[in-house]
Amino acid sequence: MPELPEVDALVADLRGRMVGAAVAGVEPASFAVLKAVDPPLEALLGLFVTGVQRHGKFIDIEVDGLHMVIHLAKAGWLRWSDNVDPKRVKMGNGPLALRLRLDLGDGPRSGFDLTEAGTRKGLAVYLVRDPADVPGIAALGPDPLADDFDLRPLLGRRMQIKRLLRDQKIIAGIGNAYSDEILHAARLSPFAIAETLDDDQADRLATAIREVLTEALREAHGKPPSELKDDKRSRMRVHGRAGQPCPVCGDTVAEVVFADSSLQYCPACQTGGTLLKNRSTSKFVK
């Protein structure tokens, strides 16, 4: 799933390509991808892109006061093209969810496809007058890279720290991968209870959040959308690397498997050498 660094880099890339372009076509390939459309998609035609912003993991394309908001979910992606297929999109059950055509002054050639792999569809597109009209944006917690972000008040919850980091209503933008990386950098067990962290642990966690995300942001920016996913995978120290040596201590990276997800951690760095049990029937990760 794209998380804060990849979405931020994608937004910056789109801003450079799209601002000033006129919308020449919006063609959904599935009605299921459209979660809220007020006004209708046709209202975008002929209007100009005036900005592209990020809210958590949401992409917000502003078009003359309207907002096309995109959430890529677990398996969605945005594929930019300078030469979009001229054939009109047909409704179907394939990976293509929506095509946006843009006119940069030389005709409707550029644009992007929204695609989603697999059979479980979660990619969502909204057309709204205000980003806050999107329920997921309205409910977002603070951005962890904001200048005024303060972790301490958010820790007063009796919940596992891994779950807290991933809860978008508590902290916006962190998902499964970067929560693993942050907890490894902070030397904390993913099952540690947030409200029980002492001052030193809380400080390590706050530092890890900022340093891991800032480094990831620096690495992701400037890369084209086609390279962002592979770049993210290449930078992971523990996430997705079960069975491999920890780059810090050399111990073997371990894994906890849930019903529809998994987490990775270093026992030596994070749990005092203790192996955590699998929870394949748990609802811990939703």
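These figures come from a predicted structure and were not determined experimentally.

1. Things to note about the overall build of the protein
Thought 1: Each helix and strand in the protein was counted, giving 7 helices and 11 strands.
Thought 2: Relative to the 2.2 N^0.38 estimate, which gives 19 Å for 286 residues, the radius of gyration of the protein is 20 Å and therefore close to what a compact globule would have.
Thought 3: Across its three principal axes, the protein shows a C-alpha extent of roughly 60 × 35 × 35 Å.
Thought 4: Put simply, the protein has 286 residues, and 51% of those count as buried.
Thought 5: Restricting the contact set of the protein to residue pairs at least 6 apart, pairs at least 24 apart contribute 64%.
Thought 6: In the structure as shown, the protein presents an accessible area of about 13,400 Å², 49% of it carried by carbon and sulfur atoms.
Thought 7: Charged side chains of the protein number 38 positive and 39 negative; the gap between the two group centres comes to 7 Å.

2. A short note on helix α5 (residues 199–220)
For an α-helix, 3.6 residues make a turn, and residues three or four places apart therefore share a direction.
Thought 1: Look at α5: 32 Å from first C-alpha to last across 22 residues, which is about the 32 Å you get at 1.5 Å a residue.
Thought 2: For α5, every residue scored as buried is listed here: A202, R204, L205, A208, I209, V212, L213, A216, L217 and A220.
Thought 3: Buried residues in α5 make contact with α1 (4–18), α3 (161–166), α4 (176–186) and α6 (225–235).
Thought 4: For α5, the N-terminal capping position is held by D198, with its side-chain oxygen 3.2 Å away from the main-chain nitrogen of D200.
Thought 5: G222 occupies a position one or two residues after α5 and carries a positive phi of about 95°.

3. Here we look at the nonpolar core
Thought 1: In terms of nonpolar packing, the biggest core is built from 36 residues, with M18, I59, I61, M68, F112, L114 and V125 touching the most fellow members.
Thought 2: Excluding residues within four positions of it along the chain, V125 makes contact with V33, L34, K35, A36, M68, V69, I70, L98 and L114.

4. Things to note about the sheet that holds strand β7 (residues 96–103)
Thought 1: Read from one edge of the open sheet, 4 strands run β1-β7-β8-β6, paired in antiparallel fashion. The two strands at the open ends of the sheet, each matched to only one other strand, are β1 (22–28) and β6 (76–81). The mean inter-strand angle of the sheet, taken between neighbouring strand axes irrespective of direction, is 15°.
Thought 2: Pairing geometry for β6 and strand β8 (residues 110–116), over 6 bridges, is antiparallel. Paired with R79 across the strands is D113, a residue of β8.
Thought 3: Helix-sheet contacts for α1 involve β6, β7 and β8, and the interaxial angle to β6 is about 30°.

5. A short note on the sheet that holds strand β4 (residues 58–63)
Hydrogen bonding along the main chain pairs the strands of a sheet, whether they run parallel or antiparallel.
Thought 1: Spatial ordering of the open sheet is given by β2-β9-β5-β4-β3, a layout of 5 strands whose pairing is mixed. Two strands close off the open sheet at either side, each with one partner strand: β2 (34–37) and β3 (49–55). In this sheet, adjacent strand axes meet at a mean angle of 15° when their direction is disregarded.
Thought 2: The pairing of β3 with β4 spans 6 bridges and is classified as antiparallel. Bridge pairing in β4 places V52 opposite I61.
Thought 3: Sheet strands touched by α1: β3 and β4. Its angle to β3, the strand with the most contacts, is close to 175°.

6. Focus: unusual backbone geometry
Thought 1: Cis geometry marks the peptide bond from D38 to P39; its omega dihedral reads 10°.
Thought 2: Considering the arrangement of structural elements, one finds P39 in the loop between β2 and β3.
Thought 3: For D64, which is not glycine, the phi torsion reads 45° and is therefore positive.
Thought 4: Position of D64 relative to the elements: it lies in the loop between β4 and β5 (66–71).

About the cut-offs
- By convention here, each chain's residues receive numbers from 1 onward along its written sequence.
- In view of the model being predicted, local features appear only for residues whose pLDDT reaches at least 70, and side-chain atom pairs are presented and counted only at 80 or more, with totals across whole chains, interfaces and linings using the full set of residues.
- With hydrogens and water stripped out, all remaining heavy atoms of the structure feed into the side-chain values.
- Where helices and strands are cited, they refer to DSSP runs of H or I of at least four residues and of E of at least two residues respectively, numbered from the N terminus.
- Using C-alpha atoms as the atom set, the radius of gyration is obtained and then compared with a globule rule of 2.2 Å times the number of residues to the power 0.38.
- A simple rule labels every residue: compare its accessible area, found with a 1.4 Å probe on the protein chains alone, to the largest value its type can have, and call it buried under 20%, exposed over 50%, or partly exposed in between.
- Whether two residues are in contact is decided by their heavy atoms: any pair within 4.5 Å suffices.
- For every accessible area listed, the method is Shrake-Rupley and the probe measures 1.4 Å; residues are considered covered only by the protein chains on display.
- Under the counting rule used here, the positive set is Lys and Arg, the negative set is Asp and Glu, and His together with the chain ends is not counted.
- Lys charges are placed at NZ, Arg charges at CZ, Asp charges at CG and Glu charges at CD.
- How far a helix is expected to stretch is found by multiplying one less than its residue total by 1.5 Å.
- Distance and chemistry together define a polar contact, namely a pair of N or O atoms within 3.5 Å, with one atom able to donate a hydrogen and the other to accept it when in protein, and with adjacent residues in sequence counting only for side-chain atoms on both sides.
- Nonpolar core, defined: a set of buried Ala, Val, Leu, Ile, Met, Phe, Trp, Tyr and Cys residues in which side-chain atoms within 4.5 Å join the residues together.
- One bridge is not enough; two strands pair if DSSP finds at least two bridges between them.
- Only the contacting stretch of a helix is used when fitting its axis, a line to C-alpha atoms as for every element, and angles between N-to-C directions run 0 to 180 degrees.

Function cannot be inferred from these measures alone, as they are strictly geometric.
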